[in-house]
Structures are given as C-alpha cells and as structure tokens.
Amino acid sequence: MRKLVYYIASSIDGFIAAPDGSPDFLRLDPDVAAHLAANWSQTLPTFAHPQFGIDEPAGRFDAVVMGRATYEPALRIGVTSPYAHLRQYVFSRTLPPATAPEVEIVSTDPAEFVRALKRQPGRDIWLCGGGQLAGQLLPQVDELIVKLNPYVIGSGVPLADRGFDPRRFDLLGTRPFDSGVVILHYARPAEAA
C-alpha cells in the first residue's frame, strides 16, 4: 500500500508558516538546498527545477496533496500546476475546478479521499501542507519528515492544526546541517498502522 508522507519545514516551536500564512521566515540555506535538490527534488516546484539544476526530478512520490492555502500562492503568480511532475490534489470547498490537467480540486472528506488514494496502485503520496489539512490527515500519515529550522516564532500556522490528540511517531533518523537545520525522519509505529 502507498504511504502518506508529511514532508514539511517547521520552526523549532512547531509552526510551518507565520500568522499570515507566509513561510518566508523559513530560509532555504545553500547546504539544505543542495540536499533537497539531490534527495528530495520532487518536493521542489517544477518551475524552480532549472535554478536547482534538476532535469528530471527523482524520488518516491507520484502524487501530492495540499490545502487551498498551500496552493494559492502559486495561483497568485500565475502558476496553475506548481508540481507539474506530480499528480496534484488540492482540498478546497471554495476553489473552482482546476484548469491544469494534472491538478484536481477535491471537495470531499480529506481522510476518506486519502485512504482511497493509498489503496490505488502507485508510488507514495506527499502531504505538503497546510496545517489544517495535516491536522485532518494526521491519522493517515505513515511518515513525518520535518525540516526543523533554527527559529522560534511564537505563533503562526501549526504543523498539525487539531485538537489535543497525541500521536506517537518513532524516530528513524536525523540529518543536521551547518546552517542549523535538522531534518527529522519519523514513522508511525507498526502497531498504530
């Protein structure tokens, strides 16, 4: 079965964006950028591939799920398919149907949709944000990969916006960078699967 992988950048205090939804405080330092281009090129927007020297993105994903607030910044700059190299599912009850053929606007229950998607043939599915969608999908997340940035911001969009409901993940590995970023890789325990 396909896995849902929540791969996200966060502050030390667990925020993925500022209160206004902007992730601009999360810089992409050169050491982390090189690592992402080499190991997680599918998580970089298609239009940015040339500046990272990516000809053909490689990796474990063939689909990405995201919330409306994660998708809208691309729309604001005229990009209707930010991850054209992946099948894109955008959860929204307010957006009109997408004009790009590889983007599907989904207005149904995210958890039910993702459970069905995980049963379909294919590669793993990347959950790229935002916090509200991640909160709804947390029980479906098989792996959590956090690019922990060396900032405490105090408030903003939480990593998983949901009520108190502790979910344990087992640490699989860490990767520190000179810039202060640490990539933390977790998996849902087998008994919770």
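Structure shown above.
Below you will find a few notes about this structure. Just so you know, these numbers come straight off a predicted model, no measurement behind them.

### Some words on the pattern of salt bridges
- This structure, assessed with the given rule, holds 12 salt bridges.
- Measuring nitrogen to oxygen at the nearest pair gives 2.3 Å for the salt bridge that ties Asp-142 to Arg-188. Of this pair, Asp-142 sits in the loop between helix H5 (131-137) and strand S7 (143-149) while Arg-188 sits in the segment after strand S10 (182-187), and the two are 46 residues apart along the sequence. Across this residue pair, the class does not change: Asp-142 and Arg-188 are buried.
- Arg-167 serves as the salt-bridge partner of Asp-165, at 2.9 Å between the closest nitrogen and oxygen.
- Taking relative accessible area as the criterion, Asp-165 reaches 31% and is therefore assigned partly exposed.
- With relative accessibility at 39%, the residue Arg-167 sits in the partly exposed group.
- Taken together, the salt bridges that share partners define one network made up of Lys-3, Arg-60, Asp-124 and Glu-143.

### Digging into the sheet that holds strand S1 (residues 4-11)
- Judged by pairing direction, the sheet is mixed, and its 8 strands sit side by side in the order S5-S4-S3-S6-S1-S7-S10-S9 without closing on themselves. Each having just a single partner strand, strand S5 (103-106) and strand S9 (170-176) make up the two edges of the open sheet. Within this sheet the neighbouring strands show an average axis-to-axis angle of 20 degrees, counted without direction.
- Pairing of strand S4 (residues 87-91) with S5 involves 4 bridges; the strand directions are parallel. Note on S5: the bridge partner recorded for Gln-88 is Val-103.
- Across the sheet, helix H3 (residues 68-76) touches strand S3 (61-67), S4, S5 and strand S6 (124-129), and the angle it forms with S3 is around 100 degrees.
- Set on the sheet, helix H4 (residues 110-119) makes contact with S1, S3, S4, S5 and S6; between it and S4 the angle comes to about 160 degrees.

### A short note on unusual backbone geometry
- Look at the link from Gly-129 to Gly-130: it is a cis peptide, with omega at 0 degrees.
- By the element assignment, Gly-130 lies in the loop between S6 and H5.

### So, the side chain of Arg-2
- Turning to its location among the elements, Arg-2 is positioned in the segment before S1.
- By relative accessible area, Arg-2 is classed as buried at 7%.
- At 2.5 Å, the side chain of Arg-2 and the backbone oxygen of Arg-123 are in polar contact.
- Leave out the neighbours within four places in its chain, and Arg-2 touches Asp-62, Ala-63, Leu-117, Lys-118, Gln-120, Pro-121, Gly-122, Arg-123, Asp-124, Ile-125 and Asp-142.

### With respect to the side chain of His-35
- Looking at the element boundaries, His-35 is found in helix H1 (residues 30-39).
- If we ignore the near neighbours within four places in the chain, the residues touching His-35 are Trp-40, Arg-175, Phe-177 and Ile-183.

### Here's the deal with H4
- Every buried residue of H4 is accounted for by Pro-110, Ala-111, Phe-113, Val-114, Leu-117 and Lys-118. Along H4, the residues classed as buried sweep out an arc of 160 degrees about the axis, all on the same side. Exposed residues on H4 whose side chains face more than 90 degrees from its buried face are Glu-112 and Arg-119.
- Those residues of H4 that are buried are in contact with S1, S3, S4, S5, S6 and H5.

The rules behind these values
- Throughout this description, residue numbers start from 1 for each chain and increase along the sequence as written.
- Restriction of local features to residues with pLDDT of at least 70 applies here, the model being predicted, together with a cutoff of 80 or more for giving and counting side-chain atom pairs; totals for whole chains, interfaces and linings are based on all residues.
- To obtain the side-chain values, all non-hydrogen atoms of the structure were included, while hydrogens and water were left out.
- When a carboxyl oxygen of Asp or Glu is within 4 Å of a side-chain nitrogen of Lys or Arg, the pair counts as a salt bridge.
- Only DSSP runs of H or I with at least four residues qualify as helices, and only runs of E with at least two residues qualify as strands; both kinds are numbered from the N terminus onward.
- Buried residues are those whose accessible area, probed at 1.4 Å on protein chains only, stays under 20% of the maximum for their type, while exposed residues exceed 50% and partly exposed ones sit between those limits.
- Two strands make a pair as long as DSSP finds a minimum of two bridges between them.
- Only the stretch in contact is used when a helix axis is fitted, and all axes are lines through C-alpha atoms; the angle between N-to-C directions ranges over 0 to 180 degrees.
- Residue contacts are counted whenever heavy atoms from the two residues lie within 4.5 Å of one another.
- By the criterion applied in these results, polar contacts are pairs of N or O atoms within 3.5 Å in which, for protein atoms, one can donate a hydrogen and the other can accept it, and in which residues neighboring in sequence qualify only through two side-chain atoms.
- Taken from the helix axis, the directions to the C-beta atoms give the arc we talk about.

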